[in-house]
Amino acid sequence: MKKLHSLTLAQKEHTKHGESFFPVQKYITRLTTDYPVVTTHWHEEAELTLITQGDCFYQIDLIDYEVNEGDILFIPPLFLHSISRGNSEELLSETYVFHLNFLGGNSTDICSTRYLAPMMNQEFSMPHLITPKHPAYASLRKIFYQINSLYDEAVFGHELALKSLFLQAFFLLLQYSKRTGSPDPGTPSDKLKNVLDYIEQHYAETISIPELAKLCYFSDYHFMRFFKKHMNMTCVEYINNLRLEKSIELFEQGNTSIMDVSLSVGFHNLSYFHRAFKKKYHMTPLSFIKELKK
């Protein structure tokens, strides 16, 4: 049986999903009162998700969706998306993240040039939320269960069958899609991507609101409203969250100097780092290091 991965707040767009020769990874997402969101991110892979327990809110390409237990979600490559817990105490979902190259997206045959490449270039408007009322739901749910069984058991030749099943899922979704042409590069989604990319590359440095606002050609005031509207948190809160997640990665890699880690991720005030870390993870950095050693 393959090892399952839990999708946490630290899953960013630069995460490697699966291996280069088998770019498919299964994730179990669990949202609770302690971890109520998966922050906005994007990646080159597509996602196919089944909500197995609870309800939540998805934001896909800056559009909000109310999602309930049993619903299926499809997120094409490069689409911004986030998840926040709904009214239920706990949300559980199963997600397959896979690169279209696994399906032949980097080949030159008719399937790639007519369907997969345009999908990777965001030239199709495809359904994102598939509820039990959707005509394709029953077939997609059956495909999802088959994917689950094959991925978990990993029988000889399962990669061939998984490739076939993902292609079948795409075929079903394409019946309810339309060709839209190349996307406008100046959309709000692209502006937000540019900002998040910049923060990802410069989180260890001092980042000011004016320099981020310039990336979008916004005033500082307009930018702060724009960011909070689409991210459900202030820009400062997002940067601090990212820095804290990066500090966790460094501790897990064996770094035990709290001062060095604090400075490496952009916290230049050790007391502030301690307070922020404890508020987010309900323990001090030193307690976290001790837990890792156990």
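Look up a bit, the structure's there.
Our subject in this report is the structure included herewith. (Residues numbered from 1 in each chain as written. Predicted model: local features only at pLDDT ≥ 70, side-chain atom pairs only at ≥ 80, totals over all residues. Heavy atoms only, no water.)

1. Some details on the overall build of the chain
Moving on, step 1. Helix and strand content of the chain: 10 helices and 12 strands.
Moving on, step 2. What you see for the chain is a C-alpha radius of gyration of 20 Å, in line with the 19 Å of a compact globule of 294 residues.
Moving on, step 3. Across its three principal axes, the chain shows a C-alpha extent of roughly 55 × 50 × 40 Å.
Moving on, step 4. A total of 294 residues make up the chain; the buried ones form 50% of that total.
Moving on, step 5. Restricting the contact set of the chain to residue pairs at least 6 apart, pairs at least 24 apart contribute 69%.
Moving on, step 6. Taken as a whole, the chain presents about 15,000 Å² of accessible surface, with 53% of it coming from carbon and sulfur.
Moving on, step 7. Of note, the chain has its 29 positive side-chain charges centred 3 Å away from the centre of its 33 negative side-chain charges. (Helix = DSSP H or I, 4+ residues; strand = E, 2+ residues; numbered from the N terminus. Rg over C-alpha atoms; globule rule 2.2 N^0.38 Å. Buried < 20%, exposed > 50% of the residue type's maximum accessible area, 1.4 Å probe, protein only. Contact = heavy atoms within 4.5 Å. Areas by Shrake-Rupley, 256 points an atom, 1.4 Å probe, with all protein chains shown as cover. Lys, Arg positive; Asp, Glu negative; His and termini not counted. Charge placed at Lys NZ, Arg CZ, Asp CG, Glu CD.)

2. A closer look at the side chain of Ser189
Moving on, step 1. Mapped onto the elements of the fold, Ser189 is located in helix H4 (residues 188–202).
Moving on, step 2. For Ser189, the side chain forms a polar contact with the side chain of Asp61, separated by 3.1 Å.
Moving on, step 3. When near neighbours in sequence (up to four residues on either side) are disregarded, Ser189 contacts Asp61, Leu62 and Leu80. (Polar contact = N/O pair within 3.5 Å; in protein donor to acceptor, adjacent residues only side chain to side chain.)

3. Details of the sheet that holds strand E5 (residues 56–60)
Moving on, step 1. Spatial strand order, E3-E8-E5-E6: 4 strands in an open sheet with antiparallel pairing. Strands with a single pairing partner mark the edges of an open sheet, and in this sheet they are strand E3 (37–41) and strand E6 (63–67). Adjacent strand axes in the sheet meet at a mean angle of 20°, parallel and antiparallel pairs treated alike.
Moving on, step 2. Where E5 lies against E6, 5 bridges are found, and the strand directions are antiparallel. By the bridge assignment for E6, Ile60 is matched with Ile63. (Pairing = 2+ DSSP bridges. Axes fitted to C-alpha atoms, helices over the stretch in contact; angles between N-to-C directions.)

4. Here we look at the pattern of salt bridges
Moving on, step 1. Across all of its chains, the model carries 5 salt bridges by this definition.
Moving on, step 2. As a salt-bridge pair, Glu123 and Arg179 come within 3.1 Å of each other at their nearest N and O atoms. Taken together, the residues span a long stretch of sequence, with Glu123 in the loop between helix H1 (110–120) and strand E10 (124–125) and Arg179 in strand E12 (residues 178–179) at a distance of 56 residues.
Moving on, step 3. Overlapping salt bridges, with partners in common, bring together Lys26, Glu94 and Asp152 in one network. (Salt bridge = Lys/Arg side-chain N within 4 Å of Asp/Glu carboxyl O.)

5. With respect to helix H5 (residues 209–216)
Moving on, step 1. Of all the residues in H5, the buried ones are Ile209, Leu212, Ala213 and Cys216. On an axial view of H5, the arc spanned by its buried residues comes to 100°, and they lie on one face.
Moving on, step 2. The inward-facing, buried residues of H5 abut H4, helix H6 (220–231) and helix H7 (235–252).
Moving on, step 3. One or two positions beyond H5, positive phi appears at Tyr217, with a value near 60°. (Arc of directions from axis to C-beta.)

6. Comments concerning the packing of H4 against H5
Moving on, step 1. Remark: H4 packs on H5, axes separated minimally by 9 Å, with the N-to-C direction vectors making an angle of 140°. Remark: the crossing between H4 and H5 carries right-handed chirality. Every residue of H5 that contacts H4 at Lys191, Asn194, Val195, Tyr198 and Ile199 is listed here: Glu211, Leu212, Leu215 and Cys216.
Moving on, step 2. Within the contact of H4 with H5, the residues separate by chemical class into 6 nonpolar, 1 polar and 2 charged. (Left-handed = near helix turned anticlockwise from the far one by under 90°. Nonpolar A, V, L, I, M, F, W, Y, C, P; charged D, E, K, R; others polar.)

7. Things to note about the packing of aromatic side chains
Moving on, step 1. Counted by the stated rule, this structure contains 17 aromatic pairs.
Moving on, step 2. Taking 5.4 Å as the distance between ring centres and 75° as the angle between the ring planes, the aromatic pair formed by Tyr96 and Tyr151 counts as edge-to-face. In this pair, Tyr96 is assigned in strand E9 (residues 91–98) and Tyr151 in helix H2 (residues 137–153), connecting sequence segments 55 residues apart. Each member of the pair, Tyr96 as well as Tyr151, carries the same accessibility label: buried.
Moving on, step 3. Taking the centre distance of 6.1 Å and the plane angle of 80° together, the rings of Phe251 and Phe277 count as edge-to-face. With Phe251 in helix H7 and Phe277 in helix H9 (residues 270–281), this pair connects stretches of sequence that are 26 residues apart. Considered together, Phe251 and Phe277 belong to a single accessibility category, that of buried residues. (Phe/Tyr/Trp six-rings, centres within 6.5 Å; stacked < 30°, edge-to-face > 60°.)

8. Things to note about the side chain of Asn148
Moving on, step 1. Its location among the elements puts Asn148 in helix H2.
Moving on, step 2. Under the relative-accessibility criterion, Asn148 is labelled buried at 11%.
Moving on, step 3. In this structure the side chain of Asn148 is engaged in a polar contact, spanning 2.8 Å, whose partner is the side chain of Lys26.
Moving on, step 4. Each residue touching Asn148, except ones within four places of it in the same chain, is listed here: Lys26, Glu94 and Tyr96.

9. Here's the deal with H2
Moving on, step 1. Across its 17 residues, H2 extends 24 Å between first and last C-alpha, which sits within 8% of the 24 Å expected from 1.5 Å per residue.
Moving on, step 2. For H2, every residue scored as buried is listed here: Tyr137, Leu140, Ile143, Phe144, Ile147, Asn148, Leu150 and Tyr151.
Moving on, step 3. Buried residues belonging to H2 abut strand E2 (24–31), strand E4 (46–53), strand E7 (72–75), E9, strand E11 (129–130) and helix H3 (158–174).
Moving on, step 4. Trailing H2 by a residue or two, Ala154 shows a phi angle of about 50°, which is positive. (Expected span 1.5 Å × (residues − 1).)

10. Observations regarding the pairing of E4
Every other side chain in a regular strand lies on the same face of the sheet, so the side chains alternate between the two faces.
Moving on, step 1. Of all 8 residues making up E4, 6 are buried, and the element is well covered by its neighbours.
Moving on, step 2. Where E4 lies against E9, 7 bridges are found, and the strand directions are antiparallel. By the bridge assignment, Leu48 is partnered in E9 with Tyr96.

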